[in-house]
Amino acid sequence: MLPPVDLRPPFNISRTSHLRLNVADLAESRKFYTTVLGLVVSDEDESTVYLRGLAEACHHSLVLEQSPDGGTARRIGFRVFFDEDLDEAYRYFRERGLPAEWVEMPHQGRTLHVSDPIGTPLELCATMSTRPRLHINFEQYQGAHAQRLDHFQLLVPDVYELCAFYGELGFRNSEYLEHGDELIGAFMYRKGTCLDLAIVPGDGPSLHHFAYTVSESHDIFTACDFAGILGYGDGVERGPGRHGPGGMLFSYLRDPDGHRVEVFNSHYQTIDIETEPVRWDATSVSTNARWGLPALEKWYFEASAFVDVPLKSPAIPPSPMTLEKFLSSPQPR
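Residues numbered from 1 in each chain as written. Predicted model: local features only at pLDDT ≥ 70, side-chain atom pairs only at ≥ 80, totals over all residues. Heavy atoms only, no water.

Engineer: Help me understand the overall build of the protein chain, please; the structure alone is not making it clear to me.
Structural biologist: Each helix and strand in the protein chain was counted, giving 6 helices and 18 strands. Relative to the compact-globule value of 20 Å for 333 residues, the protein chain shows a C-alpha radius of gyration of 19 Å, a close match. If you line up the protein chain on its principal axes, its C-alpha atoms span 60 × 45 × 40 Å. Just so you have it, the protein chain exposes about 14,700 Å², and 52% of that area is on carbon and sulfur atoms. (Helix = DSSP H or I, 4+ residues; strand = E, 2+ residues; numbered from the N terminus. Rg over C-alpha atoms; globule rule 2.2 N^0.38 Å. Areas by Shrake-Rupley, 256 points an atom, 1.4 Å probe, with all protein chains shown as cover.)

Engineer: Explain the packing of aromatic side chains here, please?
Structural biologist: Within a pair of aromatic rings, the relevant descriptors are the distance that separates the centres and the angle that separates the planes. Counted by the stated rule, this structure contains 19 aromatic pairs. Taking 5.5 Å as the distance between ring centres and 20° as the angle between the ring planes, the aromatic pair formed by Tyr90 and Trp102 counts as stacked. Of this pair, Tyr90 sits in helix H2 (residues 83–95) while Trp102 is found in strand E6 (residues 100–103), placing the two residues 12 residues apart along the sequence. Ring centres of Tyr92 and Phe93 lie 5.6 Å apart, and the angle between their planes is 75°; on these two criteria the pair is classed as edge-to-face. As far as the burial class goes, Tyr92 and Phe93 line up, both buried. Site record: aromatic cluster; members linked through ring pairs are Phe11, Phe78, Tyr92, Phe93, Phe152, Phe165, Tyr166 and Phe171. Its guanidinium or amino end placed over the ring of Tyr92, Arg96 lies 3.6 Å from that ring's centre, counting from NZ or CZ. Its end group placed over the ring of Trp299, Arg238 keeps NZ or CZ at 4.4 Å from the ring centre. (Phe/Tyr/Trp six-rings, centres within 6.5 Å; stacked < 30°, edge-to-face > 60°. Buried < 20%, exposed > 50% of the residue type's maximum accessible area, 1.4 Å probe, protein only. Lys NZ or Arg CZ within 6 Å of the ring centre and 35° of its normal.)

Engineer: What exactly am I supposed to notice about the pairing of strand E11 (residues 182–189) here?
Structural biologist: A regular strand places its side chains so that they alternate between the two faces of the sheet. Most of E11 sits inside the fold, with 7 of its 8 residues counted as buried. The sheet contact formed by strand E10 (residues 172–179) and E11 spans 7 bridges and is antiparallel. Bridging from a neighbouring strand, Glu175 pairs with Phe187 of E11. From the end of E10 to the start of E11, which pair antiparallel, there are 2 residues, and Gly180 there has a positive phi angle of about 65°. The pairing of E11 with strand E12 (residues 197–201) spans 3 bridges and is classified as antiparallel. (Pairing = 2+ DSSP bridges.)

Engineer: I keep staring at helix H1 (residues 26–37) and nothing clicks. Help me out?
Structural biologist: One full turn of an α-helix is made of 3.6 residues, so residues set three or four places apart face in the same direction. Taking 1.5 Å as the rise per residue, H1 with 12 residues should run 16 Å; its terminal C-alpha atoms sit 16 Å apart, in good agreement. Three or more residues of H1 are buried, namely Leu26, Ser29, Phe32, Tyr33, Thr34, Thr35, Val36 and Leu37. With a side-chain oxygen positioned 3.2 Å from the backbone nitrogen of Ala27, the residue opening H1 is Asp25. Count one or two residues on from H1 and you reach Gly38, which has phi positive near 85°. (Expected span 1.5 Å × (residues − 1). Polar contact = N/O pair within 3.5 Å; in protein donor to acceptor, adjacent residues only side chain to side chain.)

Here it is, written out as structure tokens:
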């Protein structure tokens, strides 16, 4: 069911690092991420805001860029361990006929722009300027005081194909969803927790969501409360709830441009190589664990498109149990 994983990959991606989003109203987006999530501003100018979580020392994990293409995503970023890994990555992508070019990016060391086989725009860097961690500066806390960026989830036309590609780059699976002989969800990681990149079927490549950790379960409710207080209550899209795969508590919010961000209370460890990935049968598990209603249809199908990257649909369209289907179907008494 799962493609093989290269435990000695050609270059060493170490973790999810950062992402770049286009927003229509920079001031409004800044307000959302600082007052609802509680991210802190590292730097800003008239067209760009660089944000980080309270436990993050590196300069940014989220970059907001003013653009008429607000609501689209620019790139997702990964860190590599050594600077020479960037040279190996450049050769790897070029040898496979995939885009790879060197770019200059503020507050980062050497940076490489590449794309995976379905066109997902990636940004790789080995170093970034730093700022003080603020996780014990309690007097500065706002909103949910999000701690660190944890993972991305992509909608993709072929889960197995992309799972195989990232397996070549050393991404291991912590859990996976299958339906019959079809792989319909891969939860992959490079750092020592269970997720850096989730891959599920849909029109893609597109960014379903990105996720920040919080320290306490009640911080998830705080994010929802502040969203409601500050006028973003309609954007509390799903939860609070508990995931089936993963088991963590979560809530999903939509920012002023419709980008989806998750806040959740972290993961279990997956450091040891003898740990087997957990299989979930999609016919017997929803994305909730034991309790809670299914998600709205839009949660499954809406996502942020990447700029100038064409979308491709899965050969078999996904048909999840949505809240709309659940409410329209006969329920046992």
